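Residue strings, one per chain:
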Amino acid sequence: MNTLESLTQITHSLSQTVSSELASLDLSALNFKTATGSWSILECLEHLNRYSRYYNPALAKAIEANAADDASVQSISYSWLGTKSLEMVRPQHTKKHKTVKHMNPINSTLGRATVEEFLKHQEGLLHLLKRAGKANLHKKAVSVEFFKLLKLRIGEALEFVVLHEERHIQQAMRVKAQLAKQAAA
């Protein structure tokens, strides 16, 4: 399985998890926080929505502009920036990182539309992953959201988005588990 196939599989799995495990929860459960200053399930999803609002169109533009005739560009290689970015968002990386202010949804008023928007962005991401199979994944064409002068390679940016989503869906699932534990006590 190549990287794009793996990212597609993870994205399908994340969509399925949100649909089956989170979407049916009532609003009080979706807004439950394990501690003051922590994120609720909806805040985790809203954080991802904010990233998707930027990265999905940026990726679409980069993929469209960098169609490749050569299938050898399908493997992903990593720049220093890409390696560091991926290291930070890997779900296995337990160190917390401060979120840039405009991407931090803490204390936002959120409802079911947040879940629906997340699932819509996932559909868009799956479409982008499919289209990426015909793009030069090595091309530095996706500006980093918080510092536009820096660019990630298309492949790195796709992997960044998917791993970042995986990290925060795991966070949302921990909130759900804590809620269940509290309800059982």
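Structure: see above.
Keep in mind that what you see is a predicted model, and the values were worked out from it rather than measured.

Enquirer: Would you explain the overall build of the protein chain in this entry?
Expert: Along the backbone of the protein chain there are six helices and two strands. Start at the N end of the protein chain and walk to the C end: the helices and strands fall as α-α-α-α-α-β-β-α. The C-alpha atoms of the protein chain give 17 Å as radius of gyration, which agrees with the globular expectation for 185 residues (16 Å, within 12%). Along the first, second and third principal axes, the C-alpha atoms of the protein chain reach 60 × 30 × 25 Å. Considering only residue pairs separated by 6 or more positions, the protein chain has 83% of its internal contacts joining residues 24 or more positions apart. Carbon together with sulfur atoms contributes 55% to the accessible area of the protein chain, which is approximately 9900 Å² in total. Averaged over its 24 positive side-chain charges, the protein chain has a centre that lies 7 Å from the centre of its 17 negative ones.

Enquirer: In this structure, what is going on with the environment of valine 144? I would like to understand it.
Expert: Locating valine 144 in the fold gives a position in strand β1 (residues 140–144). The spacing of valine 144 and alanine 157 is 13 residues in sequence and 8.5 Å in space, taken between C-alpha atoms. What valine 144 contacts, discounting residues up to four positions off in sequence, is Tyr54, Tyr55, Leu81, Leu150 and Leu152.

Enquirer: So what exactly am I meant to see when it comes to the side chain of glutamate 165 here?
Expert: Assignment of secondary structure puts glutamate 165 in helix α6 (residues 154–184). For glutamate 165, which is buried and forms no salt bridge, the nearest opposite charge comes from arginine 53, at a distance of 11 Å. Setting aside residues no more than four positions away along its own chain, glutamate 165 makes contact with Leu14, Leu48, Ser52, Phe118, Gln122 and Leu125.

Enquirer: Would you mind showing me how to read the packing of helix α4 (residues 80–89) against α6 here?
Expert: Each pair of packed helices can be summarised by the angle the axes make with each other and by the distance between the axes. For the pair α4 and α6, the least separation of the axes is 8 Å and the interaxial angle reads 10°. Classified by the angle their axes make, α4 and α6 are roughly parallel. Relative to α6, the crossing made by α4 is left-handed. Counted together, Gly82, Ser85, Leu86, Met88 and Val89 of α4 and Glu156, Glu159, Phe160, Leu163, His164 and Arg167 of α6 form the full contact between these two elements. Partitioning the contact of α4 with α6 into residue classes produces five nonpolar, three polar and three charged.

Enquirer: In this structure, what is going on with the packing of helix α5 (residues 112–132) against α6? I would like to understand it.
Expert: Two numbers describe how α5 lies on α6: the axes approach to 11 Å, and their chain directions differ by 150°. Of the possible angle classes, the one that applies to α5 and α6 is roughly antiparallel. Of the two elements, α5 crosses α6, and the hand of that crossing is left-handed. Residues Phe118, Gln122, Leu125, Leu129 and Ala132 of α5 lie in contact with α6, whose contacting residues are Leu158, Val161, Val162, Glu165 and Ile169. A per-class count over the contact of α5 with α6 returns eight nonpolar, one polar and one charged.

Enquirer: Whenever I open this one, the pattern of salt bridges confuses me. Can you help?
Expert: Opposite charge on two side chains lets them pair, provided their charged atoms get close. One pass over the full model with this rule turns up seven salt bridges. A salt bridge links arginine 50 to glutamate 46; the nearest nitrogen and oxygen atoms lie 3.0 Å apart. With arginine 50 and glutamate 46 both in helix α3 (residues 41–65) and four residues apart, this pair spans about one turn of that helix. Across the pair, glutamate 46 and arginine 50 agree in class, each one buried. Linked by salt bridges that have partners in common, Glu46, Arg50, Arg53 and Glu117 make up one network.

Thresholds, definitions, all that
Residues numbered from 1 in each chain as written. Predicted model: local features only at pLDDT ≥ 70, side-chain atom pairs only at ≥ 80, totals over all residues. Heavy atoms only, no water. Helix = DSSP H or I, 4+ residues; strand = E, 2+ residues; numbered from the N terminus. Rg over C-alpha atoms; globule rule 2.2 N^0.38 Å. Contact = heavy atoms within 4.5 Å. Areas by Shrake-Rupley, 256 points an atom, 1.4 Å probe, with all protein chains shown as cover. Lys, Arg positive; Asp, Glu negative; His and termini not counted. Charge placed at Lys NZ, Arg CZ, Asp CG, Glu CD. Buried < 20%, exposed > 50% of the residue type's maximum accessible area, 1.4 Å probe, protein only. Salt bridge = Lys/Arg side-chain N within 4 Å of Asp/Glu carboxyl O. Axes fitted to C-alpha atoms, helices over the stretch in contact; angles between N-to-C directions. Parallel < 35°, antiparallel > 145°, perpendicular 65-115°, else oblique. Left-handed = near helix turned anticlockwise from the far one by under 90°. Nonpolar A, V, L, I, M, F, W, Y, C, P; charged D, E, K, R; others polar.

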